[in-house]
Amino acid sequence: MADFDSANGPQSFEDFMKEMDVKIEEVRKNIADAAGTAAEALENAANGVIGTIVGLLPGESEAEKALEKWNTEIAPMIQRHLNSLKGDVTEKLVEYFGNPKAMMDWADEYTRAEASLRKSNEIEQDLTTLGFNWSGDAYVAYQTVATQQAKALDSLATTMQDGATLVRDGATQILSTWVDLLNQFVSFYGDYVSTVGSLADAGKAIGFWVSTLADMIAIGIKGVGDIAKTLADYWIQQVGNMKGSWIDVAAGGEGMPENQWPRISEGLSDVMGQSPEWAK
Amino acid sequence: MNVNIEVQVPILRRHATFWSERSDAVDGVRKSIEPAVGQGAEFGYMAGSNGVADMYNWWSQAMSSALVDAATSFRYLDAALRSAANFYDASDATAAEGARKLDRMLEASDYKGNGGPPPLGEN
């Protein structure tokens, strides 16, 4: 099957889990096939010994010992791994959860909000025009407030866009991590499958340590965890301290401190509220 | 200073309309982003355990609150400018907002604010 990419990869966690099920089944089948081949080879070897060599007591040949070890130690271990593989992997997949589709929708909404707020902010020229003939205290107070409010609108638009970028990038990262895992998952168990296949050789089977298989299964689970860690590292970086990070944006970036909208002060509102003060 | 009231009052009214329209615009923006506010959990387990969800929730709530406060400010400016225009042209003196009533618009509205600084210390 061709590798996944951002275009044909899963777009929802549900789809990701479905694709992972397919991959897990592929790995289980690879292991089962390798085990079946090895078992058949060992059986044939043992039967061959019984049929052709005279003078050996039953169970004394290398092939028979290998088959015995296969049946009593190796095959049960492989069966346990086949039984638990899906559960063990699925348990780790919670670390991959995310809702990139919704996040993309929100990012688009924040981007539209930014455009709408910018469009709302065309007062400066009018302020100048108004100032040609007005010069009272109320006008000065109004000019101060209006300039401050217009600037805040601009800052809000900028912060909205910065947030949209972070949300969109986060969604993209989730999708890309899913694709990475799907593309690499089968390879995590490549050594396990090869090793099981190699046990068709009676000599190897006899000297084989079954704990090696458990170590190899652990390597597969570690591979799942390592890719999840790339997602964790990404989020750590996105929170970070650099410009455009969540810490920066949540603190207001270069706009309103802590994104707090500037209140109209009571003093200025008092002056504006006194109508005769508009024209001295 | 010689003030040309006839010329200036329409400008005051235009400014009032400007702020009135901005108030509607920011209300519209706030409604459009509302479904996204506080949804940091959707970023996933890893984002949550590394502080992104909290940060996003704080930020999105701050955006929503800022839009509420912006609308409050803009409505006040609209009313203050209309009040001044009404005072000058006396076309509809009864519609003029008294200074006390204008003050109350800011007091009673209780600027929403955003509850303080973002949760930086938690990360």
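Note that the structure is predicted; figures quoted are calculated from it, not measured.

Some remarks on unusual backbone geometry
Residue and element names in this part refer to chain A.
(1) Moving on: Although it is not a glycine, Glu258 sits at a positive phi angle of roughly 55 degrees.
(2) Moving on: Residue position: Glu258 is located in the loop between helix H9 (246–250) and helix H10 (266–273).
(3) Moving on: In this structure, Asn259 is a non-glycine residue whose phi angle is positive, near 60 degrees.
(4) Moving on: Note that Asn259 resides in the loop between H9 and H10.

Points about the confidence of the model for chain B
(1) Moving on: Looking at chain B, pLDDT values average 83 and 80% of them are 70 or higher.
(2) Moving on: We note a pTM of 0.88 for the whole complex and an ipTM of 0.87 for its interfaces.

Digging into the interface of chain B and chain A
Many descriptions give the size of an interface as the accessible area lost when the pieces come together.
(1) Moving on: On the side of chain A, 70 residues touch chain B, which itself brings 63 residues to the contact.
(2) Moving on: Together chain B and chain A conceal approximately 5600 Å² of surface at their shared face, both sides included; 69% is due to carbon and sulfur atoms.
(3) Moving on: Viewed at the interface, chain A and chain B are joined by eight residue pairs in polar contact (both at pLDDT 80 or more).
(4) Moving on: Listed by contribution, the elements that provide at least two residues to the side of chain B that touches chain A are helix H1 (5–33), helix H2 (45–49), helix H3 (52–89) and helix H4 (99–109) of chain B.
(5) Moving on: A per-class count over the side of chain B that touches chain A returns 44 nonpolar, 13 polar and six charged.

Some details on H3 of chain B
All names here are of chain B.
(1) Moving on: The first and last C-alpha atoms of H3 sit 55 Å apart over 38 residues, in line with the 56 Å expected at 1.5 Å per residue.
(2) Moving on: Of all the 38 residues making up H3, 30 are buried; the element is thus mostly covered by neighbouring parts of the structure.
(3) Moving on: Positive phi appears at Ala90, one or two residues downstream of H3, with a value of about 50 degrees.

Things to note about the pattern of salt bridges
(1) Moving on: Scanning the entire structure with this criterion turns up 16 salt bridges over all chains.
(2) Moving on: Ionic pairing is found between Asp105 of chain A and Lys101 of chain A, a salt bridge with its closest N-O pair at 3.7 Å. Of this pair, Asp105 of chain A and Lys101 of chain A both sit in helix H3 (residues 100–119), four residues apart, which is roughly one turn of that helix.
(3) Moving on: Overall, Asp105 of chain A belongs to the partly exposed group, its relative accessible area being 39%.
(4) Moving on: Lys101 of chain A gets classed as exposed once you look at its relative accessible area, which sits at 52%.
(5) Moving on: Note that Glu34 of chain B is salt-bridged to Arg30 of chain B, the shortest N-O span being 3.9 Å.
(6) Moving on: Here the salt bridges do not stand alone but share partners, grouping Glu114, Arg118 and Asp154 of chain A into one network.

Some points on the environment of Gly203 of chain A
(1) Moving on: Inspection of the secondary structure assignment puts Gly203 of chain A in helix H7 (residues 202–206).
(2) Moving on: Once the C-alpha coordinates of Gly203 of chain A and Ala66 of chain A are considered, the two residues, 137 residues apart in sequence, prove to be 7.2 Å apart.

Quick word on the nonpolar core
(1) Moving on: One finds Tyr142 and Trp278 of chain A to be the most contacted residues of the largest nonpolar core, which totals 126 residues.
(2) Moving on: Looking at this core element by element, the count peaks at 24 residues for helix H5 (residues 137–188) of chain A.
(3) Moving on: Look past the residues within four positions of Trp278 of chain A in its chain and what remains in contact with it is Trp134, Ser135, Gly136, Ala138, Tyr139, Tyr142 and Met272 of chain A together with Leu12, Leu81, Ala84 and Tyr88 of chain B.

Quick look at the packing of H5 of chain A against helix H8 (residues 211–239) of chain A
Residue and element names in this part refer to chain A.
(1) Moving on: The contact between H5 and H8 brings their axes to 10 Å, and the two run at 165 degrees. Taken as axis vectors, H5 and H8 run roughly antiparallel relative to one another. Considering how the two elements wind past one another, H5 and H8 form a crossing that is right-handed. For the pair formed by H5 and H8, the contact residues are Leu166, Asp169, Gly170, Gln173, Ile174, Thr177, Asp180, Leu181, Gln184, Phe185 and Phe188 on the first element and Ile219, Gly220, Gly223, Val224, Ile227, Thr230, Leu231, Tyr234, Trp235 and Gln238 on the second.
(2) Moving on: Tallied by class, residues from the contact of H5 with H8 come to eleven nonpolar, eight polar and two charged.

Rules behind the numbers
- By convention here, each chain's residues receive numbers from 1 onward along its written sequence.
- Just so you know, chain letters begin at A and ligand numbers begin at 1, following the order they were written in.
- Only residues with pLDDT of at least 70 are given local features in this predicted model, and only at 80 or more are side-chain atom pairs given and counted; all residues enter the totals for whole chains, interfaces and linings.
- Excluding hydrogens and water, the side-chain figures rest on all heavy atoms present in the structure.
- Runs of H or I in DSSP of at least four residues are treated as helices and runs of E of at least two as strands, each being numbered from the N terminus.
- Here pLDDT means the predictor's own confidence in every residue, given as a number from 0 to 100.
- We call two residues in contact whenever any of their non-hydrogen atoms come within 4.5 Å of each other.
- Defined here as a combined quantity, buried area equals the accessible surface (1.4 Å probe) lost by two parts on assembly, summed across both.
- Polar contact is the term for a pair of N or O atoms within 3.5 Å; when the atoms are in protein, one must be able to donate a hydrogen and the other to accept it, and sequence-neighboring residues count only if both atoms are side-chain atoms.
- Charged residues are taken to be Asp, Glu, Lys and Arg, nonpolar residues to be Ala, Val, Leu, Ile, Met, Phe, Trp, Tyr, Cys and Pro, and polar residues to be all remaining types, Gly included.
- By this rule the span expected of a helix is its residue count minus one, scaled by 1.5 Å.
- With a 1.4 Å probe rolled over the protein chains alone, any residue whose accessible area is under 20% of its type maximum counts as buried; one over 50% counts as exposed, and the rest are partly exposed.
- Here a salt bridge means any side-chain nitrogen of Lys or Arg lying within 4 Å of a carboxyl oxygen belonging to Asp or Glu.
- Only buried residues count toward a nonpolar core, which is a set of Ala, Val, Leu, Ile, Met, Phe, Trp, Tyr and Cys residues joined through side-chain atoms within 4.5 Å.
- To obtain an axis, a line is fitted to C-alpha atoms, over the contacting stretch when the element is a helix, and the angle between two such axes runs from 0 to 180 degrees between their N-to-C directions.
- In these notes the angle categories are as follows: under 35 degrees is roughly parallel, over 145 is roughly antiparallel, 65 to 115 is roughly perpendicular, and the rest is oblique.
- We call a crossing left-handed when the near helix sits turned anticlockwise from the far one by less than a right angle, and right-handed when that turn is clockwise.

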